[in-house]
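For reference, the chains in residue letters:
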Amino acid sequence: MAVAFKVTGVEQGQWAVLRVSGELDLMTSPVLRQHVHDAVAEGHHSLVVDLSDVFFCDSSGVGVLIAARRLIRSCQGRLRLILPDRGAVDGSHVNRVLGALGVRRLFDVHPDLDSATTDQAGPLSA
């Protein structure tokens with residue numbers, strides 16, 4: 001059964017949080033890109049992208065994450081990803097894809113929303 005792609009935005013303290021679910025691919029990645037741009041345009045320079053419920057990510061999805069990192073860095077902001085060890089249905093697909101491509105180390109990765117939005121918590125190792 002296919003899960004519809006969805007991005008919802010909430011605020012948690014000083015952080016704008018984008019919760020993403022479904023497949024992050026060529027057809028859906030422009031939606032996430034627009035949400036990131038909208039958040040920055042609204043003045044949010046501390047952004048968390050929660051990818052816990054993404055069960056597929058292709059190169060266009062990875063490209064959007066890298067572009068989001070570049071955009072946030074250009075604003076002297078902070079971007080954090082939520083990539084739990086076990087996410088979506090069978091484990092964190094995005095985590096495996098970023099690791100296989102050698103770009104996971106570029107991101108400040110956290111296992112859950114609490115650690116991503118708390119400055120005392122350190123990121124997971126790459």
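Residues numbered from 1 in each chain as written. Predicted model: local features only at pLDDT ≥ 70, side-chain atom pairs only at ≥ 80, totals over all residues. Heavy atoms only, no water.

A. Molecular detail of the overall build of the chain. Across its full length, the chain carries 4 helices and 5 strands. The linear arrangement of helices and strands in the chain, starting from the amino end, is β-β-α-β-α-β-α-β-α. The proportion of buried residues among the 126 residues of the chain is 45%. When contacts within the chain are restricted to residue pairs at least 6 apart in sequence, long-range pairs at least 24 apart make up 68% of them. When the accessible area of the chain is evaluated, it comes to approximately 6600 Å², of which 52% is carbon and sulfur surface. (Helix = DSSP H or I, 4+ residues; strand = E, 2+ residues; numbered from the N terminus. Buried < 20%, exposed > 50% of the residue type's maximum accessible area, 1.4 Å probe, protein only. Contact = heavy atoms within 4.5 Å. Areas by Shrake-Rupley, 256 points an atom, 1.4 Å probe, with all protein chains shown as cover.)

B. Structural view of helix H2 (residues 59–74). Its 16 residues place the ends of H2 22 Å apart at the C-alpha level, agreeing with the 22 Å of an ideal helix rising 1.5 Å per residue. Every buried residue of H2 is listed here: Ser60, Gly61, Val62, Val64, Leu65, Ala68 and Ile72. In the core, the buried residues of H2 are packed alongside strand S2 (15–24), helix H1 (29–41), strand S3 (46–57), strand S4 (78–82) and helix H3 (93–101). Following H2 by one or two positions, glutamine 76 adopts a phi angle in the positive range, close to 55 degrees. (Expected span 1.5 Å × (residues − 1).)

C. Spotlight on the pairing of S3. For S3, the buried fraction is high: 9 of the 12 residues fall into the buried class. The sheet contact formed by S2 and S3 spans 8 bridges and is parallel. Within S3, the residue paired with alanine 16 across the bridge is leucine 47. In this view, the connection linking S2 to its parallel neighbour S3 by way of H1 has right-handed handedness. (Pairing = 2+ DSSP bridges. Right-handed = clockwise from strand over helix to strand, strands pointing away.)

D. Structural detail: the packing of H1 against H2. Direction vectors running N to C along H1 and H2 enclose 10 degrees, while the axes themselves pass 9 Å from each other. Taken together, H1 and H2 sit at an angle that is classed as roughly parallel. Contacts between H1 and H2 involve Ser29, Leu32, Arg33, Val36, His37 and Val40 on the former and, on the latter, Ser60, Gly61, Val64, Leu65, Ala67, Ala68, Leu71 and Ile72. When the residues that make up the contact of H1 with H2 are grouped by side-chain class, the tally is 9 nonpolar, 4 polar and 1 charged. (Axes fitted to C-alpha atoms, helices over the stretch in contact; angles between N-to-C directions. Parallel < 35°, antiparallel > 145°, perpendicular 65-115°, else oblique. Nonpolar A, V, L, I, M, F, W, Y, C, P; charged D, E, K, R; others polar.)

E. How the structure looks around the pattern of salt bridges. Tallied over the full model, the rule gives 1 salt bridge. For the salt bridge of aspartate 108 with arginine 80, the shortest nitrogen-to-oxygen distance reads 3.2 Å. With a gap of 28 residues between them, aspartate 108 in strand S5 (residues 108–110) and arginine 80 in strand S4 connect regions that are remote in the sequence. (Salt bridge = Lys/Arg side-chain N within 4 Å of Asp/Glu carboxyl O.)

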